[in-house]
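Understanding the architecture of this molecule
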Amino acid sequence: QVQLEESGGGQVLAGGSLRLSCAASGLSFSHYAMAWFRQAPGKEREFVASINWSHDTYYADSVKGRTTISRDNDKNTVYLQMNTLKPEDTAVYYCASRYLQATNALSAYDYWGQGTQVTVSS
């Protein structure tokens, strides 16, 4: 049974930083692409960043330059380091996984976590 568990969310002032973590179990982690999506109130879930099995990374334009996705295959964990946070970054952040190749398509991911809330106040 695959489980993804996010942590690290919280409330932060604009300009601050947060590091989200997603611990995976029940899958061969090194063979899976991992991604972060987010969903703000009243909006659709959107792609934030992904990292595939070979550590290639991809970012949404809205977070590029402020955000770094990384993975530790020894710990079965993917991270999302977010800097210079803005109020528009406020959302529930979800971790997702799929076999091998990353994509920004929400529907392509097979497994999802429960999400962690990030709130950025001005």
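As a starting point, this report considers the structure included with it. This is a predicted model, so every value here is computed, not measured. (Residues numbered from 1 in each chain as written. Predicted model: local features only at pLDDT ≥ 70, side-chain atom pairs only at ≥ 80, totals over all residues. Heavy atoms only, no water.)

**Some details on the nonpolar core**
What counts is decided by this rule: Buried Ala, Val, Leu, Ile, Met, Phe, Trp, Tyr and Cys residues that are joined via side-chain atoms within 4.5 Å together make up what is termed a nonpolar core. Classification of residues uses two cut-offs on accessible area relative to the type maximum, computed with a 1.4 Å probe and protein chains only: under 20% is buried, over 50% is exposed, and between them is partly exposed. The helix and strand labels rest on DSSP assignments: H or I over at least four residues marks a helix, E over at least two residues marks a strand, and numbering proceeds from the N terminus. When checking whether two residues touch, look at their non-hydrogen atoms; a contact exists if any pair is within 4.5 Å.
Formed by 33 residues in total, the largest nonpolar core has its most connected members in Met34, Trp36, Val78, Leu80, Met82 and Tyr93. Elements that contribute at least two residues to this core include exactly β3 (18-25), β4 (32-39), β5 (46-51), β8 (77-82), β9 (91-99) and β11 (116-121). In this structure, Met34 is in contact with Leu4, Cys22, Phe29, Ala49, Ser50, Ile51, Ile69, Arg71, Val78, Cys95, Ala96 and Ser97, ignoring residues within four places of it in sequence.

**A few points about the sheet that holds β8**
For clarity, the cut-off: Strand pairing is assigned whenever DSSP identifies at least 2 bridges connecting the two strands. Fitting a line to C-alpha atoms yields each axis, with helices limited to the stretch in contact; the angle taken between N-to-C directions then spans 0 to 180 degrees.
Reading across the sheet, the four strands line up as β1-β3-β8-β7 and stay open at both edges, with antiparallel pairing between neighbours. Looking at the sheet topology across the chains shown, the edges are occupied by β1 (3-7) and β7 (67-72). Mean inter-strand twist for the sheet, computed between neighbouring axes without regard to direction, equals 15°. Pairing of β3 with β8 involves six bridges; the strand directions are antiparallel. Note that in β8 the partner of Arg19 across the bridge is Gln81.

**With respect to the pattern of salt bridges**
This is how it is decided: Throughout this description, the term salt bridge denotes a Lys or Arg side-chain nitrogen within 4 Å of a carboxyl oxygen of Asp or Glu.
Enumeration according to the criterion identifies four salt bridges in this entry. Across the salt bridge formed by Asp61 and Lys64, the nearest N and O atoms sit 3.2 Å from each other. Asp61 sits in the exposed class, given a relative accessible area of 67%. Residue Lys64 is classed as partly exposed on the basis of its relative accessible area of 49%. The residue Asp89 makes a salt bridge to Arg66 at a minimum N-O spacing of 2.8 Å. A residue pair is termed long-range when its members are at least 10 positions apart, and Asp89 in the loop between β8 and β9 and Arg66 in the loop between β6 (57-59) and β7 qualify at 23 residues. Among the charged side chains, a salt-bridge network with shared partners connects Arg38, Glu46, Arg66 and Asp89.

**Considerations on the side chain of Ser97**
Structurally, Ser97 can be placed in strand β9. In this view, Ser97 contacts Leu4, Leu27, Tyr32, Ala33, Met34, Tyr109, Asp110 and Tyr111; residues no more than four positions away in its chain are not counted.

**Points about the state of the cysteines**
Let me state the cut-off plainly: Disulfides are defined in this document as cysteine sulfur pairs within 2.5 Å.
Per the counting criterion, the structure on display carries one disulfide. Here Cys22 connects covalently by a disulfide to Cys95, the sulfurs 2.1 Å from one another. For the disulfide bridge between Cys22 and Cys95, the dihedral angle about the S-S bond is near -75°, and by the sign convention the bridge is left-handed. Of the two residues, Cys22 sits in strand β3 while Cys95 sits in strand β9, which places them 73 residues apart along the sequence. With respect to burial, Cys22 and Cys95 carry one shared label: buried.

These results come straight from atomic positions and should not be treated as a statement about function.
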